[in-house]
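Below are the chains, spelled out letter by letter.
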Amino acid sequence: MSPDGRGDTPEGGRSLVSVRDLDRDRIDTILDEAERFQKALDGDGPQQTASNRVLAALFYEPSTRTRLSFESAMQRLGGDTITISEASASSMAKGESLADTVRVVSGYADAIVLRHPRQGSARLAARFADVPVVNAGDGAGEHPTQTLTDLLTIRQASGSLEDATVVVAGDLRYGRTVHSLGLALGIYGANLRLVPTGDLDLPADLEEEIRSRGASIERADAIGDALPQADILYQTRVQEERIEGTGARPETVTLETLREAPAGLKVMHPLPRVGGIDPAVDDSDHAVYFEQARNGLPIRLAVLNQIFGDRS
Amino acid sequence: MRELKVTPIRNGTVIDHLPAGSALGICQVLGIPRPGSASTVSVVMNVPSDAMGHKDIIKVEDRDLHEDAQQQLAVMAPNATVNTIRDYHVSEKRTPEAPETVKNLAACPNPGCITNDEEPVSSEFDVHRNGDGYELSCAFCVERIEDPIELVG
């Protein structure tokens, strides 16, 4: 059992369910801690703060990077991971509710990492589990450790999250990474420049929420038009079936797109890039998407360390 | 003086100032009439109203509206008044206040929401002020419902 009992959030406990539950202090703390872990990874490795601890990874949907980075993080903290990776072969196929599954798993593990196809599943799991729950993607909902990874990358690329100018391009309507990133950048007063593909624009209520958190939002028709004075270009994947019939083509970021971009502009992508960025960009100083993917490890180390590190 | 087409009730509850057209949906949410109840329920719809243009009224004999039901009502119909009737007279008149969260109002309209699966939870919405009324967001999937009355329409 977890040292702090129930894993509910935001009322208490150490669960991480939604970006909406995170205030600026908690984000800054996690990012600072992730930077310490980056240094530790380059040196003697992290302290074994999760020794004799067990993480249950419940993956009801396929995932490679997220699952591997959580497992790697847990191992580097000295702990072990038990995994359900094929939901079809497990309790879901037998008709067991998620609530029952997490109650049972709470008896086997000290924390749960959950990826599930239904929105709100992590919130539900956090209510029923006796141990902290980390949301590793709940359908079209949220994926907060991805957002924290993005924030770490932006902070390191542009020096600060405060007042950063971030161009966000691609599928802004359905892309959950964009939604969560917008909400998080909002509390830092970031300037967002949106370049939606076709009519895949940010939902109006979400735009209002992001503005109300302090972000300014403007739009451009083409990525190149949005780049002057920008710190970050955050390109996202457009799923072809979503733009069928709209006549819209996802814009590919090429060296030509970046020809007049500020020298310090960094290009990010949550990957897989699926045609969103020309491979020729990989070798330019603008490309940070592989560093971004790597940052997933120190972020997950920081998040797990917050759960296991303090045993007082 | 307008004449209502429904006779006064002796004991029970009169729910007044409901948005026109909402009464049947509200009855459904509030469980009116109770299954097996022999008491009369009168629903009057599209009654001319100075304040609202038109309104609906529900009269429920021999039943008081419990607190949870009053809170559900407040979310759906912020201007609703609940009159408790004793011996043909109004013994209490209340405008119920909306709670911070409301349960069991209706299923979450987001088909991808976990609460629409076979899970041991009821629907639950956070209630937010929006002008004169309220808007809701699902406590699980954060789906936004701008006008709660649409949930029960």
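Higher on the page you've got the structure.
Presented here is a report on the structure given in the accompanying data block. (Residues numbered from 1 in each chain as written. Chains lettered and ligands numbered in written order. Predicted model: local features only at pLDDT ≥ 70, side-chain atom pairs only at ≥ 80, totals over all residues. Heavy atoms only, no water.)

1. Notes on the overall build of chain B
- Of the regular secondary structure elements, chain B holds three helices and nine strands.
- Traced from its N-terminal end to its C-terminal end, chain B shows the element sequence β-α-β-β-α-β-β-β-β-β-β-α.
- For 153 residues, the compact-globule estimate of 2.2 N^0.38 gives 15 Å, and the C-alpha radius of gyration of chain B, at 16 Å, lies within 12% of that figure.
- With the C-alpha coordinates of chain B rotated into their principal frame, the extents come out at 50 × 35 × 20 Å.
- Here chain B, with 153 residues, has 47% of them falling under the buried criterion.
- Restricting the contact set of chain B to residue pairs at least 6 apart, pairs at least 24 apart contribute 57%.
- Put simply, chain B shows about 8200 Å² of open surface, and 45% of that area lies on carbon and sulfur atoms.
- Positive and negative side-chain charges of chain B, numbering 13 and 24 respectively, have mean locations separated by a distance of 9 Å. (Helix = DSSP H or I, 4+ residues; strand = E, 2+ residues; numbered from the N terminus. Rg over C-alpha atoms; globule rule 2.2 N^0.38 Å. Buried < 20%, exposed > 50% of the residue type's maximum accessible area, 1.4 Å probe, protein only. Contact = heavy atoms within 4.5 Å. Areas by Shrake-Rupley, 256 points an atom, 1.4 Å probe, with all protein chains shown as cover. Lys, Arg positive; Asp, Glu negative; His and termini not counted. Charge placed at Lys NZ, Arg CZ, Asp CG, Glu CD.)

2. Remarks on the nonpolar core
- Core analysis: the largest hydrophobic core is formed by 56 residues, its most contacted members being A:Ile112, B:Leu30 and B:Leu73.
- Aside from chain neighbours lying at most four places away, what touches A:Ile112 is A:Leu55, A:Ala56, A:Leu58, A:Val102, A:Val105, A:Ser106, A:Ala129, A:Val131, A:Pro132, A:Val133 and A:Val134.
- Residues A:Ala50, A:Phe70, A:Ala73 and A:Ile210 belong to the second largest nonpolar core, which totals 55 residues. (Core = buried A, V, L, I, M, F, W, Y, C linked by side-chain atoms within 4.5 Å.)

3. Brief notes about the pairing of strand E4 (residues 133-138) of chain A
Residues and elements named next belong to chain A.
- Counting buried positions along E4 gives six out of six residues, so the element sits mostly inside the fold.
- Strand direction decides the pairing type here: strand E3 (residues 111-116) and E4, joined by four bridges, are parallel. Bridge pairing links Val113 to Val134 in E4.
- Regarding the hand of the β-α-β motif, the stretch spanning E3, helix H4 (residues 121-128) and E4 is right-handed. (Pairing = 2+ DSSP bridges. Right-handed = clockwise from strand over helix to strand, strands pointing away.)

4. Observations regarding the interface of chain B and chain A
- The partner chain A presents 16 residues to the 17 residues of chain B that form the contact.
- With both chains or domains summed, chain B and chain A bury close to 1400 Å², and 49% of this area falls on carbon and sulfur atoms.
- Contact with chain A buries area across many residues of chain B, yet B:Ile114, B:Phe140 and B:Arg144 alone supply 37% of it, more than any other trio.
- As a salt-bridge pair, B:Arg144 and A:Asp205 come within 3.8 Å of each other at their nearest N and O atoms.
- For the interface between chain B and chain A, the tally reads nine residue pairs in polar contact (both at pLDDT 80 or more).
- Here the residues of the side of chain B that touches chain A sort into nine nonpolar, three polar and five charged. (Buried area = accessible area lost by both parts, 1.4 Å probe. Salt bridge = Lys/Arg side-chain N within 4 Å of Asp/Glu carboxyl O. Polar contact = N/O pair within 3.5 Å; in protein donor to acceptor, adjacent residues only side chain to side chain. Nonpolar A, V, L, I, M, F, W, Y, C, P; charged D, E, K, R; others polar.)

5. Regarding the pattern of salt bridges
- For the coordinates displayed, the defined rule picks out 25 salt bridges over all chains.
- In this structure, the salt-bridge partner of A:Arg155 is A:Asp32, at a minimum N-O distance of 2.8 Å. Separated by 123 residues along the polypeptide, A:Arg155 in helix H5 (residues 144-158) and A:Asp32 in helix H1 (residues 24-42) bring together distant segments of the chain.
- A:Glu208 is the salt-bridge partner of B:Arg144, the closest N and O atoms lying 3.9 Å from each other. Of this pair, B:Arg144 sits in strand E9 (residues 144-145) while A:Glu208 sits in helix H7 (residues 204-212), which puts the two residues in different chains.

6. Comments concerning the sheet that holds E4(A)
Residue and element names in this part refer to chain A.
- Across the sheet, which stays open at both edges, the four strands sit in the order E2-E1-E3-E4 with parallel pairing between neighbours. At either end of the open sheet lies a strand with only one pairing partner, and these are strand E2 (80-84) and E4. Each adjacent strand pair in this sheet contributes to an overall mean axis angle of 15°, direction not counted.
- With five bridges joining them, strand E1 (residues 54-59) and E2 adopt parallel strand pairing. (Axes fitted to C-alpha atoms, helices over the stretch in contact; angles between N-to-C directions.)

7. Some words on the side chain of A:Thr149
- Tracing the backbone through its elements, the reader meets A:Thr149 in helix H5.
- When residues no more than four places from it in sequence are discounted, the contact partners of A:Thr149 are A:Gln292, A:Asn295, A:Gly296, A:Ile299 and A:Arg300.

8. Section: the packing of helix H3 (residues 98-105) of chain A against H4(A)
Residues and elements named next belong to chain A.
- H4 packs onto H3 with a crossing angle of 50° between their chain directions and a minimal axis gap of 9 Å. With respect to their mutual orientation, H3 and H4 come out oblique. Between H3 and H4 the crossing geometry is right-handed. Contacts between H3 and H4 involve Leu98, Ala99, Val102 and Arg103 on the former and, on the latter, Ser121, Leu124, Ala125 and Phe128.
- Here the residues of the contact of H3 with H4 sort into six nonpolar, one polar and one charged. (Parallel < 35°, antiparallel > 145°, perpendicular 65-115°, else oblique. Left-handed = near helix turned anticlockwise from the far one by under 90°.)

9. Observations concerning empty space enclosed by the protein
Residues and elements named next belong to chain A.
- Under the defined criterion, the tally for this structure stands at one cavity of 30 Å³ or more.
- Approximately 40 Å³ is the volume attributed to the largest cavity.
- Taken together, Val168, Val178, Gly182, Leu192, Leu194, Leu202 and Ile210 form the lining of the largest cavity.
- Only helix H6 (176-186) and strand E6 (191-196) provide two or more residues apiece to the lining of the largest cavity. (1 Å grid on protein atoms, 1.4 Å probe; cavity = no way out; pocket = protein on both sides within 12 Å on 5 of 7 lines; lining within 4 Å. Points joined across faces, edges and corners; volume = space filled by probe spheres on them.)

10. Notes on the side chain of A:Asn135
Residues and elements named next belong to chain A.
- Checked against the element boundaries, Asn135 lands in strand E4.
- On the basis of relative accessible area, Asn135 is assigned to the buried category, the value being 0%.
- Every residue in contact with Asn135, bar those within four places of it in the chain, is listed here: Leu16, Val17, Leu114, Ala122, Glu142, His143 and Pro144.

11. Some remarks on the packing of helix H2 (residues 65-76) of chain A against helix H11 (residues 296-308) of chain A
Residue and element names in this part refer to chain A.
- One can describe the packing of H2 onto H11 by two numbers: an axis separation of 9 Å at closest approach and a directional angle of 55°. With respect to their mutual orientation, H2 and H11 come out oblique. Seen from above, H2 lies across H11 with right-handed handedness. The residues of H11 that touch H2, namely those facing Thr66, Ser69, Phe70, Ser72, Ala73, Met74 and Arg76, are Gly296, Leu297, Arg300, Leu301, Leu304 and Phe308.
- For the contact of H2 with H11, the class distribution of residues is seven nonpolar, four polar and two charged.

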